[in-house]
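Below are the chains, spelled out letter by letter.
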Number of protein chains: 2
Amino acid sequence: MSELSIFKSEADDPVVHGHRAADDLFREFEKMIISGKLADGEPLPPEREIVESFGVSRTVVREAILALSNKGLVEAKPRYRPVVRKPSFDTAIDTVGNVVSMLLEDSEGVKNLFDTRVMVEVYLARQAALEATREGVQSLKDALEENEAAIDNMELFFHTDIKFHRVMYTMPGNPLLVSIHKAYITWLKPNWTKMPSLPARNRLNFESHTAIYNAILMRDPEKAEEAVRKHLSDAWQQINKILSGSH
Amino acid sequence: MSELSIFKSEADDPVVHGHRAADDLFREFEKMIISGKLADGEPLPPEREIVESFGVSRTVVREAILALSNKGLVEAKPRYRPVVRKPSFDTAIDTVGNVVSMLLEDSEGVKNLFDTRVMVEVYLARQAALEATREGVQSLKDALEENEAAIDNMELFFHTDIKFHRVMYTMPGNPLLVSIHKAYITWLKPNWTKMPSLPARNRLNFESHTAIYNAILMRDPEKAEEAVRKHLSDAWQQINKILSGSH
DNA sequence: GATCAGTTTTGGTATGATCAAAACTCAATA
DNA sequence: TATTGAGTTTTGATCATACCAAAACTGATC
């Protein structure tokens, strides 16, 4: 590929092959949104007004707005004024949501995604074991107790399960990780909700969580890693059962 | 928030607030692209033809195509026929590129992204130390040697540096990881290329790479982790110097 | 068979019109 | 005074049409 393109350093694809008017307008608004001139939550001006102030046709305006909408910079319900949405890692993830879920059609894609989740959670568990704060451990404990209390309530258990994991993603204090967790939930949920959830299974999962928590409490990264791997490996087997059953 | 929305299980936001005609068309094409009825690389039919076959106005067709383009399902150079592009994790990442780079305006965002990179590479190094194949280690060695040979050539060193890391991302055999690596490069490059690169610095980086390689060779995950952390910590200090200098 | 001028096709943009839903106005009402 | 609801205006969604310039196509030419 571009292995040898060392010398034409700018050759990626920045060739501005003639720009569309709508692109310019798009960038204009993009800038306004970043700079805050268009505040979060504020509606865009009416199309006809934009037409006037920018001296372009309505076609162009609509295309620009549509682009903003597709990129997640504005939220556009039909017939309503598009509303400005300041971008975040979350909105970025939303934007690719559709495409990604297409990639999860085959079990190969799901497996690849799941493997990265294992990677992340193993890392998080190790880190937690090494340097979790007192508050962090406390949050984890709280989540664990909520989890236990919900063993007999399928719906509630599902949520407390997610919450336990989310606490893990929250502990390092990196908001990107929280977004990533949300993405995992969103993308893997379809496979997850398909499987029958029995109280017995809930109990097993709760025990896995407990093992993770204990390892962290004992400041034992190896045990924490092992516990996470076991937990997720179980989960994967469940998911895989579903996947291979449906293909 | 929706912490308590346990009972209205479908309540995320599936309120189908009346759909646009363009949305339908978009989904139509989306399906055709997934199913392969529109093959990768194939151009879309002319707009006027679509108008005829779907019985909608050209406006709608254009909006649908624009949406496809924004989602990365087709590649649309101005004045050229849009070309179908089968989605991959790479294209997904491209799609969010703009938004993400906006999030990297402040050093906070960059730091968060960089931290996840540390996470990934620490994990990769540990895994490599534990279970790298003979071929994997060999690839790493090759990359290392290329890296050394390029110490006096800034441009080339930059590329061999990247390549060394890429090999690490390749070793687990998960294509998603490779996409992630590409994303890191793309997003962090702007900060990276700003810093002055001296042969002395190149040498230090090469030595860091060597340390990582050796730890993997010795099957010592702890050392591998430590080496990666040190390497990336150095890199971050450099980046941070740039960031704090420019704000 | 390669090349190039001429024609047709097609994407980009502009205009204006129509329709239904949303937003707004304001008087009647409690 | 606050509220409500009918009536009016605004506005997003869609369509039809037109024009231009660049791309794609066609043939004749060498």
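**Details of the protein's contact with DNA strand C**
At step 1: Inspection of the region around DNA strand C gives 17 residues, with R20, A21 and S57 of chain A together with R62 and R79 of chain B positioned closest.
At step 2: A breakdown of the atoms of DNA strand C within 4 Å of the protein gives sugar and phosphate a share of 58%.
At step 3: One nitrogen or oxygen atom from the side chain of T59 of chain A is found 3.2 Å from a base nitrogen belonging to DNA strand C.
At step 4: Here R48 of chain B contributes a side-chain N or O atom positioned 2.8 Å from a base nitrogen of DNA strand C.
At step 5: The dominant element in the surface near DNA strand C, judged by the number of residues it contributes, is helix α3 (residues 58–70) of chain A, at 3 residues.
At step 6: For the surface near DNA strand C, the class distribution of residues is 5 nonpolar, 2 polar and 10 charged.

**Notes on helix α5 (residues 107–131) of chain B**
At step 1: Here α5 of chain B is 25 residues long and its end C-alpha atoms lie 36 Å apart, about the 36 Å a rise of 1.5 Å per residue gives.
At step 2: Across the 25 residues that make up α5 of chain B, a large majority, 19, are buried.

**Describing helix α1 (residues 21–35) of chain B**
Owing to its 3.6 residues per turn, the α-helix brings residues three or four apart onto one side.
At step 1: With 15 residues, α1 of chain B ought to run about 21 Å at 1.5 Å a step, and its terminal C-alpha atoms sit 21 Å apart, in line with that.
At step 2: Buried within α1 of chain B are the following residues: A22, L25, F26, F29, E30, M32 and I33 of chain B. Around the axis of α1 of chain B, the buried residues are gathered within 165° of arc, so they sit on the same side. In this structure, α1 of chain B carries K31 and S35 of chain B as exposed residues pointing more than 90 degrees from its buried face.
At step 3: Tucked inside the fold, the buried residues of α1 of chain B contact α4 (89–103) of chain A together with α2 (47–54), α3 (58–71), β1 (74–75) and β2 (83–84) of chain B.

**Regarding the side chain of E30 of chain B**
At step 1: Mapped onto the elements, E30 of chain B comes out in helix α1.
At step 2: One buried charge, E30 of chain B, has no salt-bridge partner; the nearest side chain with opposite charge is R27 of chain B, at 5.2 Å.
At step 3: Once residues within four sequence positions are removed from consideration, E30 of chain B is found in contact with N98 and M102 of chain A together with L68 and L73 of chain B.

**Focus on the protein's contact with DNA strand D**
At step 1: R62 and R79 of chain A together with R20, A21 and V60 of chain B are the nearest of the 18 residues found near DNA strand D.
At step 2: By atom count, sugar and phosphate contribute 58% of the portion of DNA strand D lying within 4 Å of the protein.
At step 3: The separation between a base nitrogen of DNA strand D and a polar side-chain atom of R79 of chain A is 2.3 Å.
At step 4: In the environment of DNA strand D, a phosphate oxygen lies 2.4 Å from a nitrogen or oxygen atom belonging to the backbone of A21 of chain B.
At step 5: Every element with two or more residues in the surface near DNA strand D is listed here: α2 (47–54) and α3 of chain A together with α3 of chain B.
At step 6: Sort the elements by how many residues they give to the surface near DNA strand D and α3 of chain B lands first, with 3 residues.

**Quick look at the relation of the copies chain A and chain B**
At step 1: Screw-axis analysis of chain A against chain B gives a translation of 0.0 Å along the axis, an RMSD of 0.1 Å, and a rotation angle of 180°. With respect to symmetry, the two chain copies, as superposed, fit the operation of a two-fold axis.
At step 2: Both copies contact each other with a shared surface, as 100% of the interface residues of chain A are interface residues in chain B too.

**Some remarks on the interface of chain A and chain B**
At step 1: Of the residues lining the interface, 54 residues belong to chain A; the matching set on chain B comes to 55 residues.
At step 2: Overall, the association of chain A and chain B removes approximately 5200 Å² of surface from exposure, summing both partners, and the carbon and sulfur fraction of that is 65%.
At step 3: On the chain A side of the contact with chain B, M102, M119 and Y123 of chain A bury the most area, a combined 13% of that side's loss.
At step 4: Between R126 of chain B and E222 of chain A there is a salt bridge, and its shortest N-O distance comes to 3.5 Å.
At step 5: Scanning the region where chain A abuts chain B turns up 10 residue pairs in polar contact (both at pLDDT 80 or more).
At step 6: Of all elements in the fold, only α1 (21–35), α3, α4, α5 (107–131), α7 (154–170), α8 (175–193) and α10 (221–246) of chain A reach the threshold of two or more residues within the side of chain A that touches chain B.
At step 7: For the side of chain A that touches chain B, the element with the highest residue contribution is α5 of chain A, accounting for 11 residues.

Rules used throughout
Residues numbered from 1 in each chain as written. Chains lettered and ligands numbered in written order. Predicted model: local features only at pLDDT ≥ 70, side-chain atom pairs only at ≥ 80, totals over all residues. Heavy atoms only, no water. Near = heavy atom within 4 Å. Polar contact = N/O pair within 3.5 Å; in protein donor to acceptor, adjacent residues only side chain to side chain. Helix = DSSP H or I, 4+ residues; strand = E, 2+ residues; numbered from the N terminus. Nonpolar A, V, L, I, M, F, W, Y, C, P; charged D, E, K, R; others polar. Expected span 1.5 Å × (residues − 1). Buried < 20%, exposed > 50% of the residue type's maximum accessible area, 1.4 Å probe, protein only. Arc of directions from axis to C-beta. Contact = heavy atoms within 4.5 Å. Lys, Arg positive; Asp, Glu negative; His and termini not counted. Salt bridge = Lys/Arg side-chain N within 4 Å of Asp/Glu carboxyl O. Least-squares fit on C-alpha atoms with pLDDT ≥ 70 in both. Buried area = accessible area lost by both parts, 1.4 Å probe.

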